[in-house]
Amino acid sequence: MSLPAMNDAEVLLAEPRGFCAGVDRAIEIVERALVRFGRPIYVRHEIVHNTYVVNDLKAKGAIFIEDLADVPPGATLVFSAHGVSQAVRQEAAQRGFQVFDATCPLVTKVHVEVAKLSKEGYEFIMIGHKGHPEVEGTMGQLHEGIYLVEDVADVATVAVTRPDRLAVVTQTTLSVDDAAEILNAVKARFPLVREPKKQDICYATQNRQDAVKLLAPQVDVVVVVGSPTSSNSNRLRELAERLGTPAYMVDGADDLQAEWFEGRQRVGLTAGASAPDVLVQQVIARLRELGALAVRRLPGVEETIEFPLPKGLGDKSMAEFAASRS
């Protein structure tokens, strides 16, 4: 058996970390649909970007698809937390599926803003990552007049037709600092641009990034629990590195490598908004095997936000709901 990588090291836990209200809601929607309607339940795209969560729901009877043609007539369909385009909504309606919408309400807020301002004659610049399902969903609220910028360089070349009627929206899971830099470039080029009344980057993304800003300077290495497809998890790793602390992102405890921790006395640990706490606990157990002795939580914001479930899935607790269906 190899010797521990660390000697009496301490693990510092970021607060808050892990599941946000939108992720909790999305997973519960799928679980309630499975209890109420039986397997299979079809889900367009990964309900949230986490391998463990997706595999767990697959085992319970969820089938994840990208193309609605793969969903049989009369089936129950759930839209993922990332949101969908109007074209997907219309196709689902035409095919007659029973649909439950797990789009995060904070993403829905952006969709509503786009629809409202579009009717007032606005075009849009969207700050986000090309190919991300949330970006595709938000840009798909309109047939035209919405332009994606991924960085400051894109702002210099984006071609809008109504600079006097221009609004900006943002993917909810971006780096707060990067988004601010891009937004400043947008405002410099388009001084009349309309900003959201409240920034689009969600409270959970902001809080987890603020927690890493507190955590990273106090530790020798940061571990972020999150899947490679998770935008907000990737931003946490990048932020720690930008602050000068080596950082690694892992899907779970098996991904940890002992050499990351050799000679390290303090390990920082956080988790993206789609990573369940069971994975954090498994990582802590593995870090103890590698020589960590103590675990300490840092102070942080307490999150109390909850989002209501769609009509038709009940307002009982999950245990009460499951019992009522048995």
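In this text, all values refer to a predicted model and were calculated from it rather than measured experimentally.

(A) Main features of unusual backbone geometry. Residue Pro16 is reached from Glu15 by a cis peptide bond, and omega for that bond is -5°. Inspection of the secondary structure puts Pro16 in the loop between strand S1 (9–13) and helix H1 (21–37). Residue Arg39 is joined to Pro40 through a cis peptide bond whose omega torsion reads -5°. With respect to the helices, strands and loops of the structure, Pro40 is situated in the loop between H1 and strand S2 (41–44). Even without glycine at this site, His45 takes up a positive phi of about 70°. With respect to the helices, strands and loops of the structure, His45 is situated in the loop between S2 and helix H2 (51–60). Of the residues examined, His45 reaches a relative accessible area of 14% and is grouped as buried.

(B) Expanded view of the environment of Arg39. Mapping Arg39 onto the fold places it in the loop between H1 and S2. Separated by 202 residues in sequence, Arg39 and Glu241 have C-alpha atoms that sit 43 Å apart. With near-sequence residues (within four places) excluded, Arg39 lies in contact with Leu34, Ala59, Lys60 and Gly61. There is a polar contact of 3.0 Å between the side chain of Arg39 and the backbone oxygen of Ala59. Only 3.0 Å separates the side chain of Arg39 from the backbone oxygen of Lys60, close enough to count as a polar contact.

(C) Main features of helix H10 (residues 277–289). The end-to-end C-alpha distance of H10 is 19 Å, a good match for the 18 Å that 13 residues give at a rise of 1.5 Å each. Within the span of H10, buried status applies to Leu279, Val280, Val283, Ile284 and Leu287. The arc that holds the buried residues of H10, viewed along the axis, is 145°, so those residues lie on one side. Those residues of H10 hidden inside the fold are in contact with S1, H2, strand S9 (221–225), strand S10 (247–250), strand S11 (266–271) and strand S12 (292–297). Positioned one or two residues after H10, Gly291 has a phi angle of 120°, which is positive.

(D) Highlighting the packing of aromatic side chains. One pass over the full model with this rule turns up 3 aromatic pairs. Both rings, one in Trp260 and one in Phe261, keep their centres 6.1 Å apart while their planes meet at 65°; by these two values the pair is edge-to-face. In this structure Phe261 comes out as buried when scored by relative accessible area, which is 0%.

(E) Looking closely at the pattern of salt bridges. For the structure on display, the rule yields 20 salt bridges. The salt bridge partner of Glu15 is Arg17, with a shortest N-O separation of 2.9 Å. We classify Arg17 as buried; its relative accessible area is 14%. Arg297 serves as the salt-bridge partner of Glu15, at 3.2 Å between the closest nitrogen and oxygen. With Glu15 in the loop between S1 and H1 and Arg297 in strand S12, this residue pair connects regions lying 282 residues apart in the sequence.

Rules used in this analysis
Residues numbered from 1 in each chain as written. Predicted model: local features only at pLDDT ≥ 70, side-chain atom pairs only at ≥ 80, totals over all residues. Heavy atoms only, no water. Helix = DSSP H or I, 4+ residues; strand = E, 2+ residues; numbered from the N terminus. Buried < 20%, exposed > 50% of the residue type's maximum accessible area, 1.4 Å probe, protein only. Contact = heavy atoms within 4.5 Å. Polar contact = N/O pair within 3.5 Å; in protein donor to acceptor, adjacent residues only side chain to side chain. Expected span 1.5 Å × (residues − 1). Arc of directions from axis to C-beta. Phe/Tyr/Trp six-rings, centres within 6.5 Å; stacked < 30°, edge-to-face > 60°. Salt bridge = Lys/Arg side-chain N within 4 Å of Asp/Glu carboxyl O.

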